[in-house]
Each structure stands twice: as structure tokens, then as C-alpha cells.
Amino acid sequence: MYAKIEQANLDALRVIHYPDPRLGEISTPLERVDDRVRALLNRMFELMFTGRGVGLAAPQVGINVRLFVASPTFEEDDRQVFINPEILSVEGKQEGEEGCLSVPGVNCRITRGNVVTVRALDAYGEPFEVTAEEMPARIYQHETDHLDGRLLIDRVGTVARFAHRRTLKQLEAEFAAS
Ligand SMILES: [Zn+2]
């Protein structure tokens, strides 16, 4: 929903943390890409690079629209934008460690597809398709999960979740106090 972007105070945006309910919502496709959306994307890149992340989805800044930014190489000029992304195909498997700026202090081993093809709109509303493997493929799947209200801790079993219970409890206490 474009209105959510129009109403947001971009400077005041912050990365929100588990268990904020906005992280569990299914986000809505964006119907318009303009300067205001590009300003949001810039702000998201700023928050992502500051947080030392390689991807950030709009729900993580409290805006439930379907878009995310990424920089698999963590280079300032490697700025990738995916608006209304759709994963068209997933092939093979990879297992690896994942973290999330919205669940600080938690790293989980997660199995993901190894090669994915994603279709999306770029920062100018132009459609594109990209096929990626390993690290970028992992990021695109992680960020698309955010758009469907799914966090990395929803992808692991109860044993792995139990291993992080202290950190999760602490995040729950911080959220309750905020
Ligand atoms: Zn994340």
C-alpha cells in the first residue's frame, strides 16, 4: 500500500525487533513506484548498512509493503532493489548460518534452496528477472519470507528455538517495555 509509505516519517524509521506483530503480517503489493518510494529505499539501505546487514525488508522498518533491499557483497555500490518480488523457481538445497537485523543475537542454521529465480520491479518500476545461487539466493529467500510474515526462528525446529530461548525472552521483555 503506497499510502503507508506516503505517511511514514522516513527519518524516524528504525529496524523493529521480534516480537513486534508487524513482523508477522503478510505484506501488501505496492501499486506505485515513485520518488517517495525511492526515498524509502535509500533510508532502508542506510539502516541496512548501518546495521551491517546484507538485506532488509520493508516490514522490518514497520511498513508492510512487499519490497526489500539487498547487498550480497556488502558493497555500498551493490544496491539491489526488489519490489513485489516473486520467487519463480527454487532448485537444489544449501544449508548455512543466518542472522536477522530484527532478531539480534540469534543465528540459526537454515536449509534453503540453492538456486532461485526471482521476478520483481526495480527502483524505477521496471520488471526484471534474476537467477542467483548460494549467498544471494539465501538472502532473497530470507527477505521474501519477511514479506510473508515469516522469521528465521519460524524456519527452525523446537530444539534450535530452545537454544535461543534466553535471547528471545530478552527481546520479548524489551518489546513489552517499549
Ligand atoms: Zn531478516
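Values in this document were obtained by computation on a predicted structure and should not be read as measured data.

Scoring rules and cut-offs
Residues numbered from 1 in each chain as written. Predicted model: local features only at pLDDT ≥ 70, side-chain atom pairs only at ≥ 80, totals over all residues. Heavy atoms only, no water. Donors = N, O, S within 2.8 Å, 3.2 Å for Na, K, Ca; no water. Helix = DSSP H or I, 4+ residues; strand = E, 2+ residues; numbered from the N terminus. Buried < 20%, exposed > 50% of the residue type's maximum accessible area, 1.4 Å probe, protein only. Contact = heavy atoms within 4.5 Å.

Next up on the list: the coordination of the zinc ion. Protein coordination at the zinc ion: the donors are Cys100 (SG), His142 (NE2) and His146 (NE2), at 2.0 to 2.3 Å from the metal. Along the chain, the residues donating to the zinc ion are arranged with the sequence spacing C-x41-H-x3-H. You can see His142 and its partner His146 sitting in helix H3 (residues 135–147), 4 residues apart, about one turn around the helix. For His146, a relative accessible area of 1% corresponds to the buried category.

Classification of His142 by relative accessible area gives buried; the value is 6%. A C-alpha to C-alpha distance of 24 Å links His142 and Ala8, two positions 134 residues apart in sequence. Excluding anything up to four places from it in sequence, His142 contacts Glu98, Gly99, Cys100, Arg112 and Leu152.

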